[in-house]
Amino acid sequence: ELTADTKFEGACIDDLLILTNGKDNVQKYDGSSIVDLGGSPPKSPFIAVGYRRVFLVNLPHQLAACDPANPEEWTGEDSATISINAKDGDTITWLRFYGTNLYIWKRHSLHELHGPDLGQVSANWRNFKVADVGTPNGRTIAGVGGALFWLSDSPNSKGVVVWTGGGSPQLISDPIQGIIDRINWDYVSTAAAGTDGNGNYLLSVPLDSATAPTHTIVYCTLDGSWWIWEGWAPTAYGSYRLSTDKE
């Protein structure tokens, strides 16, 4: 079981839900019970699933991938372990598929992994640094209107950035620089982000001396306006679909 009061991430592959928190053994849920995932995968704080593979992280800089035919094969067959710029001394902070490629965030950089196809032989994979803009907290990343938004503390890009998959992420939060300056960066690990489905990027952050989110920064992608909400500051965001909703 996963330790209580620890943040965890989950992703589905085939008929399994994979759960991981970076501290306990990676878990699987098959609809009836939760047990350790086989194959001794790394105790990863992050997870992504694509091309019939589970991707995990072995901190500080290694990316691990299971065999495409078996989410419980991590050392043989076509499983893989890949170093993401080990020489920069930076730590991986998030994984996410965007378009057809897997992207890996470090605190001060963004990297892309591609094959020709991530479902094919892992020896053919290559990873490239896309930009010198990363994030200290991957839970501030959210997709809105086809673009990705996140909170960055990288040099020359400290604030909210947006990225559409081409070029470098662009800093867009200059109009609220006074609020950005008030973020308690020592506790940025508590920040979280999501979207309301109506074109708004929602970012909950701790301001001033707070050690947990106190305010929510809202960026409206429809008209470029900024709003600051007080009294509603979630510590986690998620999405769901009612069983009565259409696909």
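Scroll up to find the structure.
Okay, so let's go over this structure. (Residues numbered from 1 in each chain as written. Predicted model: local features only at pLDDT ≥ 70, side-chain atom pairs only at ≥ 80, totals over all residues. Heavy atoms only, no water.)

### With respect to the pattern of salt bridges
Note on pairing: side chains with opposite charge can pair once their charged atoms come close.
Right, on to step 1. For the coordinates displayed, the defined rule picks out eight salt bridges.
Right, on to step 2. Note that Lys28 is salt-bridged to Glu72, the shortest N-O span being 3.2 Å. Taken together, the residues Lys28 in strand S3 (residues 27–29) and Glu72 in the loop between strand S7 (62–65) and strand S8 (80–83) connect sequence positions 44 residues apart.
Right, on to step 3. What makes Glu72 partly exposed here is its relative accessible area of 25%.
Right, on to step 4. For the salt bridge of Asp88 with Lys106, the shortest nitrogen-to-oxygen distance reads 2.9 Å. You can see Asp88 sitting in the loop between S8 and strand S9 (92–98) and its partner Lys106 sitting in strand S10 (residues 101–106), a full 18 residues away along the chain.
Right, on to step 5. Judged by its relative accessible area of 34%, Asp88 is partly exposed.
Right, on to step 6. Lys106 sits in the buried class, given a relative accessible area of 0%. (Salt bridge = Lys/Arg side-chain N within 4 Å of Asp/Glu carboxyl O. Helix = DSSP H or I, 4+ residues; strand = E, 2+ residues; numbered from the N terminus. Buried < 20%, exposed > 50% of the residue type's maximum accessible area, 1.4 Å probe, protein only.)

### Remarks on the sheet that holds S10
Right, on to step 1. Spatially, four strands are ordered S9-S10-S11-S12 in an open sheet, and the strand pairing comes out antiparallel. At either end of the open sheet lies a strand with only one pairing partner, and these are S9 and strand S12 (126–131). Taken pair by pair, the neighbouring strands of this sheet meet at an average axis angle of 25 degrees, ignoring direction.
Right, on to step 2. As paired strands, S9 and S10 are joined by six bridges and run antiparallel to one another. In the sheet register, Arg96 faces S10, and the bridge partner there is Tyr103. (Pairing = 2+ DSSP bridges. Axes fitted to C-alpha atoms, helices over the stretch in contact; angles between N-to-C directions.)

### Structural notes on the side chain of Asn137
Right, on to step 1. Within the secondary structure, Asn137 is located in the loop between S12 and strand S13 (142–144).
Right, on to step 2. Residue classification places Asn137 among the buried positions, given a relative accessible area of 5%.
Right, on to step 3. Discounting chain neighbours no more than four positions away, the residues touching Asn137 are Val188, Ser189, Thr190 and Ala191. (Contact = heavy atoms within 4.5 Å.)

### Regarding the sheet that holds strand S17 (residues 192–195)
Right, on to step 1. Across the sheet, which stays open at both edges, the four strands sit in the order S17-S18-S19-S20 with antiparallel pairing between neighbours. Looking along the sheet, the strands with just one partner apiece sit at the ends: S17 and strand S20 (226–230). Within the sheet, the average angular offset between the axes of one strand and its neighbour, ignoring direction, is 20 degrees.

### Here we look at the environment of Trp105
Right, on to step 1. The residue Trp105 is located in strand S10 in this model.
Right, on to step 2. Considering only alpha carbons, one finds Trp105 and Val130, 25 residues apart in sequence, at a separation of 9.9 Å.

### Some details on the pairing of S7
Every regular strand shows the same layout, with side chains that alternate between the two sheet faces.
Right, on to step 1. With four bridges connecting them, strand S6 (residues 53–58) and S7 associate as antiparallel partners. Looking across to S7, one finds that Val57 is bridged to Leu63.
Right, on to step 2. Here S6 folds back onto S7, and the loop between the two strands holds three residues.
Right, on to step 3. Where S7 and S8 come together, four bridges link them in antiparallel fashion. Counted as the bridge partner of Ala65 is Ala80 from S8.

### Remarks on the packing of aromatic side chains
Right, on to step 1. Considering all chains together, one arrives at 13 aromatic pairs under this definition.
Right, on to step 2. A centroid spacing of 5.5 Å and a plane angle of 45 degrees characterise the contact between Tyr98 and Trp163, whose relative ring orientation is tilted. Of this pair, Tyr98 sits in strand S9 while Trp163 sits in strand S15 (residues 157–163); the two residues are 65 residues apart in sequence, bridging distant segments of the chain.
Right, on to step 3. Owing to a relative accessible area of 1%, Trp163 belongs among the buried residues under this scheme.
Right, on to step 4. Here a set of aromatic residues connected by ring pairs shows up, and it is made of Tyr51, Phe55, Phe97 and Trp125. (Phe/Tyr/Trp six-rings, centres within 6.5 Å; stacked < 30°, edge-to-face > 60°.)

So far we have only geometry, and geometry alone does not tell us how the molecule works.
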